[in-house]
Amino acid sequence: MLRKEIADITRSWRFIVLLVLIILTFISAMYVSLTNLKAAIGNESDSGKLFLYLKLLTTTDGSLPAFHIFISFLGALLGIALGFDAVNAEQNNGTLIRLMAQPVYRDNVLLAKFLGALIVVSALFVSLALLMIGGGLIITGVWFEAVELFRILAFIVLTVLYVGFWLSLSILLSVRFKQATASALTAIGIWVFFTIFYGIIVKMIAKAFFPDPAFLSQAELFSWNNLLLDLLGLAPSHLYTDATTALLMPSVRSLGPLSMEQMAGAIPNPLPLRESLLIVWPQVSGLLAATAVCFALSYYWFMRREIRS
Amino acid sequence: MENAIIELKGLTKYYGSLKAVDNLNLTINKGEIYGLLGPNGAGKTTTILMMLGLTEPSSGEAIVCNYNATHYPILVKRKVGYMPDNVGFYDGMTALENLMYIAQLNGIPPGDVKSRAFEMMEMVGLQAAMHKKAGTYSRGMKQRLGLADVLIKQPEVIILDEPTLGIDPSGVKDFLSLIRQLSRQQQITVLLSSHHLHQVQQLCDRVGIFVGGKLLADGGMEQLSQHLFSKDAYVVMINVKDVLPAPWEHEAALQRLEAVTKVAIAGDTVEISCTKNITPDLVRFFVEKNIDVMGVHKKQYGLEEIYEQYFENNQHENESDGKSSGLFQRSFFKKTRKQ
């Protein structure tokens, strides 16, 4: 079943469109970062390490957002596009009931849809990353470091996880809604909400309900700030951007404000991989949990449901 | 007959407060062609879904090929082929690829898949259009492809839900003869759900009439008509040469014959309703009276009359617990009717 799903996805129009979009983004981001590489490396003042490839992925001169910011937009779209008609199109076509009349377990259908799309997405991102590394090798001739490779791998895993979240959300909606258009529009609506409106609403609520910072002690200020950050972190795109920023820019030490005491004695050195991973661990587990919850819900709804033509 | 291949015991299904299937008890024997008849909303499709494990019954059990369909649906589906009405195919793949996919899902070893799919296509007569995309198929071809689909796993039972819907008459004839041939040759039990009474009458050994979720009658044609029209099970129409005078002198004598319940005379035709088949006695009666008999027709109640009778009897009951319609629909239609 998995084979058929993968074949279907790679031959479908929407995948090709999104593929072209992502490749274009990739090429333009690479172009921008390559042209600004000299400037970025020249500014390297706080360490002797030269993370060329990480810089390739993240440098920007302001004309275009960095690659990982782009992916937080396009990745969501990719996940939604691959999943929104997973179940309801089959039902409307009449093929779902034919499939269910065969001696196959019902959860295999859901799993095949999910894993098929995930496999295609992972293949896409792995090949993109390898292309970038290869291109960088050819163009600049600088060898990459092991740490960089691991960070880039972690970035790929994180991206696939992020797309997987949106994928499981859209599969959930496709199980719930009978019309493919309904599930597509709802998924896009949720995405727009989280991307644009969520931050604004949370900040508005914070302004309205949180006490005035002038009257607070240092500790209370921190706790309120953390609360605000936690609320903001409920948006998956925020989780993703935070996590990738920490992974791809080793000099990033924390994802929130640090007190003076925490900063004292800190050596301005890029972090080793393990420490970076530890910083982003809450984000990663948040994304994983959200994906798992969506998938579990769609599983629950799909398994017991009656399928008629 | 011998062994029962499908047993439904006390099968009941509620959708909220609506009783879709009401305490159904049915046994179907191996090798039979069984027809499921009934108006829309009678519960035929629900019963079929419960037999395959695609729906859970509220109570009772469905045992197919000695497996409980609700607990072991996979085992049941290995032996039962189901063709729904509105069968759909993956339009992007060719018909052969569709068949091969289903064959693979059924666990047929990969080496055999292609040859089996070829065989099936030939059996249903689609070998010329094998490599065309399934989206280009006409309705009749799709139904035949659906049949190939069902047969590729070499099942013991096949369940066809409205298989001849939308097919031209010659196609229907071919389709039904194909089904009958397969059933007899390969001892496949066939369960056919349909509205087309003539087809069901031609093809099926036994018929079950579903109304309002209940199985009202079950049995072969003669059994059913005897059960229903016990008084007027047989009607014999005798055409005589000359128009009989009214009142006819021998009418009283005819009525006094044993098993005759009613005599109706219309011109040169005498319609005699009897409880038994006493046609030879009737003919002898006329001959003795020196009346020239031109033709004798025995009218046996067809499925249409039986169907109508059952349906009529239960129509008034049906209206009270019929299919629930939406609130909007009800209020909307009420408004238009008032105008």
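Residues numbered from 1 in each chain as written. Chains lettered and ligands numbered in written order. Predicted model: local features only at pLDDT ≥ 70, side-chain atom pairs only at ≥ 80, totals over all residues.

Caption draft 1: Region of interest: the overall build of chain A. In terms of regular secondary structure, chain A is built from 14 helices and zero strands. The linear arrangement of helices and strands in chain A, starting from the amino end, is α-α-α-α-α-α-α-α-α-α-α-α-α-α. Buried residues in chain A amount to 31% of all 309 residues. In chain A, of all internal contacts separated by at least 6 residues, the share reaching a separation of at least 24 is 83%. (Helix = DSSP H or I, 4+ residues; strand = E, 2+ residues; numbered from the N terminus. Buried ≥ 20, exposed ≤ 12 C-beta atoms within 10 Å, placed from the backbone. Contact = placed C-beta atoms within 7 Å.)

Caption draft 2: Just the overall build of chain B, in detail. Helix and strand counts for chain B come out as 12 helices and 14 strands. Within chain B, the proportion of its 339 residues that are buried is 34%. Contacts spanning at least 24 positions in sequence make up 68% of the contacts within chain B whose residues lie at least 6 apart.

Caption draft 3: Quick look at the nonpolar core. Ranked by internal contacts, the top residues of the largest apolar core, which has 72 residues, are Leu52(B), Leu99(B), Ala148(B), Val157(B), Val190(B) and Leu192(B). For this core, the leading source of residues is helix α3 (residues 95–105) of chain B, giving seven residues. Dropping the residues within four chain positions of it, Val157(B) is found in contact with Ile5(B), Ile6(B), Val64(B), Cys65(B), Lys79(B), Val80(B), Ile188(B), Thr189(B) and Leu191(B). Judged by nonpolar contacts, the second largest core, of 53 residues, contains Leu54(A), Leu158(A), Leu287(A) and Phe295(A). (Core = buried A, V, L, I, M, F, W, Y, C linked by C-beta atoms within 7 Å.)

Caption draft 4: Focus on the environment of Thr55(B). As for its placement among the helices and strands, Thr55(B) is situated in the loop between α1 (44–52) and β4 (59–64). Dropping the residues within four chain positions of it, Thr55(B) is found in contact with Glu306(A), Lys13(B), Thr46(B), Leu49(B) and Met50(B).

Caption draft 5: A look at the domain arrangement of chain B. Parsing chain B into structural domains produces domain 1 (4–226) and domain 2 (230–300). Relative placement of domain 1 of chain B and domain 2 of chain B: their C-alpha centres are 44 Å apart. (Domains from an automatic or database assignment.)

Caption draft 6: Local environment of the packing of helix α9 (residues 146–176) of chain A against helix α10 (residues 180–209) of chain A. All names here are of chain A. Where α9 contacts α10, the axes come no closer than 9 Å and their chain directions differ by 140°. Put simply, α9 runs oblique to α10. With respect to the hand of their crossing, α9 and α10 are arranged in right-handed fashion. Of α10, the residues touching α9 (which contributes Leu169, Ser170, Leu173 and Ser174) are Ser183, Thr186, Ala187 and Ile190. Residue composition of the contact of α9 with α10, grouped by class: four nonpolar, four polar and no charged. (Axes fitted to C-alpha atoms, helices over the stretch in contact; angles between N-to-C directions. Parallel < 35°, antiparallel > 145°, perpendicular 65-115°, else oblique. Left-handed = near helix turned anticlockwise from the far one by under 90°. Nonpolar A, V, L, I, M, F, W, Y, C, P; charged D, E, K, R; others polar.)

Caption draft 7: Spotlight on the sheet that holds β4(B). Residue and element names in this part refer to chain B. Strand order in this open sheet of four strands is β2-β1-β4-β5, and the pairing throughout is antiparallel. Unpaired on one side and paired on the other, β2 (18–29) and β5 (67–68) mark the two borders of the sheet. Sheet strands in contact with α1 are β1 (4–15), β2 and β4, and its direction is about 120° off that of β1. (Pairing = 2+ DSSP bridges.)

Caption draft 8: Fine view of the pairing of β1(B). Residues and elements named next belong to chain B. In terms of strand pairing, β1 meets β2 through eight bridges, oriented antiparallel. Counted as the bridge partner of Ala4 is Asn29 from β2. Pairing of β1 with β4, which is carried by five bridges, proceeds in the antiparallel orientation. Residue pairing across strands places Glu7 opposite Ile63, the latter belonging to β4.

Caption draft 9: Broad picture of the confidence of the model for chain B. Residue and element names in this part refer to chain B. On average, chain B scores 78 in pLDDT, and the residues at 70 or more come to 84%. Counting contacts from residues 317–339, a segment whose pLDDT is below 50, to residues more than four positions away or on other chains yields 10 contacts. With pTM at 0.76, the complex prediction returns an ipTM value of 0.72. (pLDDT = per-residue confidence, 0-100.)

Caption draft 10: Layout of the interface of chain B and chain A. With 21 residues of chain B at the interface, the matching set in chain A holds 17 residues. Broken down by secondary-structure element, the contributors of at least two residues to the side of chain B that touches chain A are α1, α2 (73–79) and α3 of chain B. Here the residues of the side of chain B that touches chain A sort into 12 nonpolar, five polar and four charged.

Caption draft 11: A look at unusual backbone geometry. Residues and elements named next belong to chain B. Of note, Gln154 is a non-glycine position whose phi angle comes to about 50°, a positive value. With respect to the element layout, Gln154 can be found in the loop between α5 (139–151) and β7 (157–161). The class for Gln154 is partly exposed, based on 14 C-beta atoms found within 10 Å. Even without glycine at this site, Glu162 takes up a positive phi of about 50°. Here Glu162 is to be found in the loop between β7 and α6 (169–186). Judged by C-beta crowding, with 19 C-beta atoms within 10 Å, Glu162 ranks as partly exposed.

Caption draft 12: Spatial organisation of the sheet that holds β7(B). Residue and element names in this part refer to chain B. Pairing in this open sheet of six strands is mixed, and the strands run β6-β7-β8-β3-β9-β10 from one edge to the other. Edge positions in the sheet fall to β6 (80–83) and β10 (214–219), since each has one partner strand and no second. Each strand of the sheet is rotated relative to its neighbour by a mean of 15°, with strand direction disregarded. Bridge count for strand β9 (residues 206–211) against β10 is five bridges, and the pairing is antiparallel. Pairing of Val211 across the sheet is with Lys214, part of β10. Contacts from α1 reach β3 (33–37), β6, β7, β8 (189–194) and β9, with the element oriented near 150° to β7. The strands touched by α5 within the sheet are β6 and β7, with β6 carrying the most contacts at an inclination of about 160°.

Caption draft 13: Region of interest: α5(B). For α5(B), which comprises 13 residues, the first-to-last C-alpha distance of 19 Å matches the rise-based estimate of 18 Å (1.5 Å per residue) to within 8%. Here α5(B) lies mainly inside the structure; 10 of its 13 residues are buried. What α5(B) keeps buried is the set Lys142(B), Gln143(B), Arg144(B), Leu145(B), Gly146(B), Leu147(B), Ala148(B), Asp149(B), Val150(B) and Leu151(B). Where α5(B) is buried, its residues contact α7 (95–100) of chain A together with β6, α3, α4 (110–124), β7 and α6 of chain B. (Expected span 1.5 Å × (residues − 1).)

Caption draft 14: Spatial organisation of the environment of Asp112(B). Mapped onto the fold, Asp112(B) is located in helix α4. Overall, the presence of 11 C-beta atoms within 10 Å leaves Asp112(B) in the exposed class.

Caption draft 15: View of the environment of Phe210(A). Along the chain, the position of Phe210(A) falls in the loop between α10 and α11 (218–232). Placed 17 residues apart in sequence, Phe210(A) and Leu227(A) show a C-alpha to C-alpha distance of 9.9 Å.

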